[in-house]
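Chain and residue survey
One letter stands for each residue in the lines below.
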Amino acid sequence: MFYLYVLENRDGRHYIGFTENTEERLSQHNTGRVKSTKHFRPWILAYSEVFSDKKTARQKELFLKKTAKARQELFSRIKHAPIV
C-alpha cells in the first residue's frame, strides 16, 4: 500500500508527498531529515489517501503539485473537514 499525504504546519503551509509508511515519513519531516521541510517544523498529518500501487500514488502527488486548482480544492476540504 502507498499513501499520498498532506502535511500542515502551524503557519498554514502544506507539503504533499507519497510514502509507504506515513508515521515514519512524518517523523522524518519533524526531525529535520527532509531538506525541503526542515525549516518549517513542526508538521502534522492533515490528509492521507491510500493507493494500491506506487505509480498511482506518485501520479496523484504530481497532479496535485502541478495543478493549482486541484491543490487549492484539496486544501479547502482539509481546512473544513471535521476534526476526528
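Residues numbered from 1 in each chain as written. Predicted model: local features only at pLDDT ≥ 70, side-chain atom pairs only at ≥ 80, totals over all residues. Heavy atoms only, no water.

A separate point is unusual backbone geometry. Geometrically, the link from R41 to P42 is a cis peptide bond, its omega value of 0° lying close to zero. When you line up the elements, P42 lands in the loop between α1 (22-30) and β3 (43-51). (Helix = DSSP H or I, 4+ residues; strand = E, 2+ residues; numbered from the N terminus.)

Where strand β1 (residues 2-9) and strand β2 (residues 14-19) come together, six bridges link them in antiparallel fashion. By the bridge assignment, L7 is partnered in β2 with Y15. What sits between β1 and β2 in their antiparallel hairpin is a turn of four residues, with G12 showing a positive phi close to 90°. (Pairing = 2+ DSSP bridges.)

With eleven residues, the main nonpolar core is built from F2, L4, V6, I16, F51, A57, L64, A70, L74, F75 and I78. Per-element accounting of this core gives the leading share, four residues, to helix α3 (residues 68-80). Excluding residues that lie within four positions of it along the chain, A70 makes contacts with F63 and L64. (Core = buried A, V, L, I, M, F, W, Y, C linked by side-chain atoms within 4.5 Å. Buried < 20%, exposed > 50% of the residue type's maximum accessible area, 1.4 Å probe, protein only. Contact = heavy atoms within 4.5 Å.)

All right, on to α1 then. Every buried residue belonging to α1 is among T22, Q28 and H29, and all of these are buried. The arc enclosing the buried residues of α1, seen along the axis, measures out at 120°, which places them on a common side. For α1, the secondary structure elements touched by its buried residues are β1, β2 and β3. Its side-chain oxygen at 3.1 Å from the backbone nitrogen of E23, N21 defines the N-terminal cap of α1. Just downstream of α1 lies G32, where phi reads positive at about 85°. (Arc of directions from axis to C-beta. Polar contact = N/O pair within 3.5 Å; in protein donor to acceptor, adjacent residues only side chain to side chain.)

Turning our attention to the packing of aromatic side chains. In the structure shown here, the tally under the stated rule is one aromatic pair. Taking 6.3 Å as the distance between ring centres and 40° as the angle between the ring planes, the aromatic pair formed by Y5 and Y15 counts as tilted. With a gap of ten residues between them, Y5 in strand β1 and Y15 in strand β2 connect regions that are remote in the sequence. (Phe/Tyr/Trp six-rings, centres within 6.5 Å; stacked < 30°, edge-to-face > 60°.)

With that settled, consider the sheet that holds β3. In spatial order, the strands read β2-β1-β3; together these three strands make up an open sheet with antiparallel pairing. Every other strand in the sheet has two partners, leaving β2 and β3 as the edge strands with one partner each. For this sheet, the mean angle separating the axes of adjacent strands, direction not counted, is 20°. Pairing analysis gives eight bridges linking β1 to β3, with the strands arranged antiparallel. Residue pairing across strands places Y3 opposite V50, the latter belonging to β3. Running at roughly 70° to β1, α3 makes contact with β1, β2 and β3 of the sheet. (Axes fitted to C-alpha atoms, helices over the stretch in contact; angles between N-to-C directions.)

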